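# Overview (structure and organization)
Residue-level listing of the chains:
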Amino acid sequence: GAGVSQTPSNKVTEKGKYVELRCDPISGHTALYWYRQSLGQGPEFLIYFQGTGAADDSGLPNDRFFAVRPEGSVSTLKIQRTERGDSAVYLCASSPSGGLMNTEAFFGQGTRLTVV
Amino acid sequence: AQSVAQPEDQVNVAEGNPLTVKCTYSVSGNPYLFWYVQYPNRGLQFLLKYITGDNLVKGSYGFEAEFNKSQTSFHLKKPSALVSDSALYFCAVSGSSGSARQLTFGSGTQLTVLP
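Residues numbered from 1 in each chain as written. Chains lettered and ligands numbered in written order. Predicted model: local features only at pLDDT ≥ 70, side-chain atom pairs only at ≥ 80, totals over all residues. Heavy atoms only, no water.

## Describing the overall build of chain B
- When its secondary structure is counted, chain B shows 0 helices and 12 strands.
- In chain B, the succession of helices and strands from N to C terminus is β-β-β-β-β-β-β-β-β-β-β-β.
- Computed over the C-alpha atoms, the radius of gyration of chain B is 14 Å, within 12% of the 13 Å expected from 2.2 N^0.38 for a compact globule of 115 residues.
- In terms of its C-alpha atoms, chain B occupies a principal-axis envelope of roughly 45 × 30 × 20 Å.
- Looking at chain B residue by residue over its 115 residues, the buried ones come to 49%.
- A sequence separation of at least 24 residues applies to 58% of the contacts in chain B between residues at least 6 apart.
- Element-wise, carbon and sulfur atoms account for 49% of the exposed surface of chain B, whose accessible area totals about 5200 Å². (Helix = DSSP H or I, 4+ residues; strand = E, 2+ residues; numbered from the N terminus. Rg over C-alpha atoms; globule rule 2.2 N^0.38 Å. Buried < 20%, exposed > 50% of the residue type's maximum accessible area, 1.4 Å probe, protein only. Contact = heavy atoms within 4.5 Å. Areas by Shrake-Rupley, 256 points an atom, 1.4 Å probe, with all protein chains shown as cover.)

## Re the nonpolar core
- The biggest cluster of nonpolar side chains holds 28 residues, and the ones touching the most others in it are W35(B), L47(B), L48(B), F74(B), L76(B) and Y89(B).
- Looking at this core, the elements with two or more residues in it are β2 (10–14), β3 (19–21), β5 (31–38), β6 (44–50), β8 (64–68), β9 (73–78), β10 (87–95) and β12 (109–114) of chain B.
- Examining the composition of this core, we find that 4 residues originate from one element, β10(B), more than from any other.
- Those residues in contact with L76(B) that lie beyond four places of it in its chain are L19(B), T20(B), V21(B), W35(B), L47(B), L48(B), F63(B), E64(B), A65(B) and Y89(B).
- Of all hydrophobic cores here, the second largest spans 20 residues; its members include L21(A), L46(A), A67(A) and L113(A). (Core = buried A, V, L, I, M, F, W, Y, C linked by side-chain atoms within 4.5 Å.)

## Overview of the state of the cysteines
Residues and elements named next belong to chain B.
- Counted according to the given criterion, the structure contains 2 disulfides over all chains.
- Across the disulfide from C23 sits C91; the S-S distance is 2.0 Å. Looking down the S-S bond of the C23 and C91 bridge, the torsion is -60°, so its handedness is left-handed. Residue C23 is located in the loop between β3 and β4 (24–26), and its partner C91 is located in strand β10; the two are separated by 68 residues in the primary sequence. Each member of the pair, C23 as well as C91, is classed as buried. (Disulfide = S-S within 2.5 Å.)

## Thoughts on the interface of chain B and chain A
- Facing 20 residues of chain B, the contacting portion of chain A comprises 23 residues.
- Between the two partners, chain B and chain A, sit 0 salt bridges.
- Scanning the region where chain B abuts chain A turns up 3 residue pairs in polar contact (both at pLDDT 80 or more).
- Looking at the side of chain B that touches chain A, the elements that each hand over two or more residues are β5, β6 and β10 of chain B.
- In terms of residues, the side of chain B that touches chain A owes the most to one element, β5(B), which gives 4 residues. (Salt bridge = Lys/Arg side-chain N within 4 Å of Asp/Glu carboxyl O. Polar contact = N/O pair within 3.5 Å; in protein donor to acceptor, adjacent residues only side chain to side chain.)

## Description of the packing of aromatic side chains
Residue and element names in this part refer to chain B.
- The final tally for this structure, using the stated rule, is 12 aromatic pairs over all chains.
- Relative to F67, the ring of Y50 lies with its centre 4.2 Å away and its plane at 20°, an arrangement referred to as stacked. A residue pair is termed long-range when its members are at least 10 positions apart, and Y50 in strand β6 and F67 in strand β8 qualify at 17 residues. Neither residue differs from the other here; Y50 and F67 are each classed as buried.
- Relative to F105, the ring of F90 lies with its centre 6.3 Å away and its plane at 90°, an arrangement referred to as edge-to-face. Taken as a pair, F90 in strand β10 and F105 in strand β11 (residues 104–105) lie far apart in primary sequence, 15 residues in all. (Phe/Tyr/Trp six-rings, centres within 6.5 Å; stacked < 30°, edge-to-face > 60°.)

## Focus: the sheet that holds strand β8 (residues 75–79) of chain A
Residue and element names in this part refer to chain A.
- Spatial strand order, β1-β3-β8-β7: 4 strands in an open sheet with antiparallel pairing. Two strands bound the open sheet, and with one partner strand each, they are β1 (5–7) and β7 (65–68). Averaged over all adjacent pairs, the angle separating strand axes in this sheet is 15°, with direction ignored.
- Two elements, β1 and strand β3 (residues 19–24), share 3 bridges in a ladder whose sense is antiparallel. Among the inter-strand pairings, T7 is bridged to a residue of β3, identified as R22. (Pairing = 2+ DSSP bridges. Axes fitted to C-alpha atoms, helices over the stretch in contact; angles between N-to-C directions.)

## What to know about the side chain of R36(A)
All names here are of chain A.
- Structurally, the position occupied by R36 is in strand β4 (residues 31–37).
- Buried and unpaired, R36 has no salt bridge, with D86 as the nearest side chain of opposite charge at 4.1 Å.
- In contact with R36, other than residues within four places in its own chain, are G42, P43, E44, L46, P61, F65, G85, D86, A88, V89 and Y90. (Lys, Arg positive; Asp, Glu negative; His and termini not counted.)

Written as structure tokens, this is what we have:
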């Protein structure tokens, strides 16, 4: 597809379970971002990849959260031992290169995670 | 640390009237400023950005924004609002050094254009 694709679109899980959220960026985009948007709030930065490496993971809230991008394309956000406070919409974005001065970030529609 | 404030949760305007959605920011160094729009069940869409140069930036769908360094503001404007402009608008900032890859968003302003 032409845009950023995120799967699943909705995920309901029980407290304590492990979840994986997938992001397919726009083909050729080297930069990939994960954000989390809680109800009534703006997106909050989680992690940024340039290629395969996590260039900035300063937004990950704790060690239950982890993300990978092994081949520099698809990325997976992994959450262990989920808590009810993890419920949010998880957004993925990609851009042609890192650094937002010359380009823009294109966002996917997000995965709505509900922890019950 | 960088931050964005959108002081209005909700803005209502009549169709055909001018609209303004307010945004102020705080960042170290020169700011990169952005506006995104979010329609229901759709992803965030880029509207416009200020990097350098002319303080008045023109973007998609007839929107524009004015960068004011002394007031640290980047208000979004449109001369004549359309009902279809009704959506959730987010202002975002990125620092020009170090964190130029990390966007910090405001809490959003719900714009409603009344027919």
